[in-house]
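Here are the chains, one letter per residue:
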Amino acid sequence: DAGITQSPRHKVTETGTPVTLRCHQTENHRYMYWYRQDPGHGLRLIHYSYGVKDTDKGEVSDGYSVSRSKTEDFLLTLESATSSQTSVYFCAISGGAGDTQYFGPGTRLTVL
Amino acid sequence: AQRVTQPEKLLSVFKGAPVELKCNYSYSGSPELFWYVQYSRQRLQLLLRHISRESIKGFTADLNKGETSFHLKKPFAQEEDSAMYYCALKGSGNTGKLIFGQGTTLQVKP
């Protein structure tokens, strides 16, 4: 597996609380992505980063923000969690826009 | 619109039977397509990338631009092939983002 870890791996939280998920890579890859996985929808892109402090929105970015202050870490924040954000979140990395994406192990988030 | 469609949610076959997982796409220009596999509660792993034209674990996929399809095939299914399979399309622009289909669960029965 590419050197990608995600933390926490599981989290249960309550509606209205802030939540931060972390993606950490040891590959020095430039591109990092956050996807959410939901039955019937496959994976959908939330946000991505193409370098330190360079981020942009994906197709389902509402309610989420990201930060990338160093190459190895990409943080996903749910400002005020809602039940519709219950999902499995996957981080992915790639060396360039044209390169293969490698995925992290996922974080299972439940919002009660 | 850029879209990937996997019409089957579940495909169930017996061990040794041929398998075809369907994938259709919508894209203007030359598409770049992938198949990813996810074994039970594990991370997604790249199975095939169409530009490499490799055969991995006995799976192959051919890009058919006329039919806008990228179906995944294997002549003889094995029980260890049971997994979720996602077809993905690289989006336009220089972002590298992937557009995924809904996924197909392959169940190989003994």
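Values in this document were obtained by computation on a predicted structure and should not be read as measured data.

Colleague: What is the right way to read the pattern of salt bridges from this model?
Modeller: Once the charged atoms of two side chains with opposite charge are near each other, the side chains can pair. If you walk through the whole model with that rule in mind, you get eight salt bridges over all chains. Ionic pairing is found between Lys 70 of chain A and Asp 73 of chain A, a salt bridge with its closest N-O pair at 3.6 Å. For Asp 73 of chain A, a relative accessible area of 8% translates into the label buried. With a shortest N-O distance of 2.6 Å, Arg 49 of chain B and Glu 32 of chain B are connected by a salt bridge. Of this pair, Arg 49 of chain B sits in strand E6 (residues 45–49) while Glu 32 of chain B is found in the loop between strand E4 (24–26) and strand E5 (33–38), placing the two residues 17 residues apart along the sequence. When sorted by exposure, Arg 49 of chain B lands in the same class as Glu 32 of chain B, which is buried. One continuous salt-bridge network, built from bridges that share partners, spans Arg 22, Lys 70 and Asp 73 of chain A.

Colleague: In this structure, what is going on with the interface of chain B and chain A? I would like to understand it.
Modeller: Where the parts come together, the accessible area they lose is often given as the size of the interface. Contacts between the two partners involve 19 residues from chain B and, on the opposite side, 23 residues from chain A. Taken together, both faces of the contact between chain B and chain A bury some 1800 Å²; the carbon and sulfur share is 48%. Put simply, chain B and chain A have zero salt bridges between them. Applying the counting criterion to the chain B and chain A interface returns eleven residue pairs in polar contact (both at pLDDT 80 or more). Contributions of two or more residues to the side of chain B that touches chain A are made by E5, E6, strand E9 (83–90) and strand E10 (98–100) of chain B. Grouping the amino acids of the side of chain B that touches chain A by side-chain chemistry returns six nonpolar, seven polar and six charged.

Colleague: Help me understand the sheet that holds strand E7 (residues 60–61) of chain B, please; the structure alone is not making it clear to me.
Modeller: Paired through backbone hydrogen bonds, the strands of a sheet run either parallel or antiparallel to each other. All names here are of chain B. One open sheet holds the three strands; their spatial order is E3-E8-E7, and the pairing between them is antiparallel. Each end of this open sheet is capped by a strand with a single partner; those strands are strand E3 (19–21) and E7. In this structure, E3 lies alongside strand E8 (residues 72–74), joined through three bridges in antiparallel fashion. Within E8, the residue paired with Leu 21 across the bridge is Leu 72.

Colleague: It is not clear to me how the sheet that holds strand E8 (residues 73–78) of chain A should be interpreted in this structure. Could you clarify?
Modeller: All names here are of chain A. Pairing is antiparallel across the open sheet formed by four strands, whose spatial order is E1-E3-E8-E7. This sheet does not close on itself; its edge strands, each paired only once, are strand E1 (4–7) and strand E7 (64–70). Pairs of neighbouring strands in the sheet enclose a mean axial angle of 20°, with direction left out of account. In this structure, strand E3 (residues 19–25) lies alongside E8, joined through six bridges in antiparallel fashion.

Colleague: Explanation requested: the packing of aromatic side chains in the structure shown.
Modeller: Each aromatic ring pair is described using two quantities: the centre-to-centre distance and the angle formed by the ring planes. Residues and elements named next belong to chain B. Per the stated rule, a full pass over the model turns up 14 aromatic pairs over all chains. Aromatic pair Phe 34 and Tyr 36: ring centres 6.3 Å apart, planes at 35°, arrangement tilted. Ring geometry for Tyr 36 against Phe 100: centres 6.0 Å apart, planes inclined by 50°, an arrangement best described as tilted. Placement of Tyr 36 in strand E5 and of Phe 100 in strand E10 is noted, with a sequence separation of 64 residues between them.

Definitions and limits used
- Residues numbered from 1 in each chain as written.
- Chains lettered and ligands numbered in written order.
- Predicted model: local features only at pLDDT ≥ 70, side-chain atom pairs only at ≥ 80, totals over all residues.
- Heavy atoms only, no water.
- Salt bridge = Lys/Arg side-chain N within 4 Å of Asp/Glu carboxyl O.
- Buried < 20%, exposed > 50% of the residue type's maximum accessible area, 1.4 Å probe, protein only.
- Helix = DSSP H or I, 4+ residues; strand = E, 2+ residues; numbered from the N terminus.
- Contact = heavy atoms within 4.5 Å.
- Buried area = accessible area lost by both parts, 1.4 Å probe.
- Polar contact = N/O pair within 3.5 Å; in protein donor to acceptor, adjacent residues only side chain to side chain.
- Nonpolar A, V, L, I, M, F, W, Y, C, P; charged D, E, K, R; others polar.
- Pairing = 2+ DSSP bridges.
- Axes fitted to C-alpha atoms, helices over the stretch in contact; angles between N-to-C directions.
- Phe/Tyr/Trp six-rings, centres within 6.5 Å; stacked < 30°, edge-to-face > 60°.

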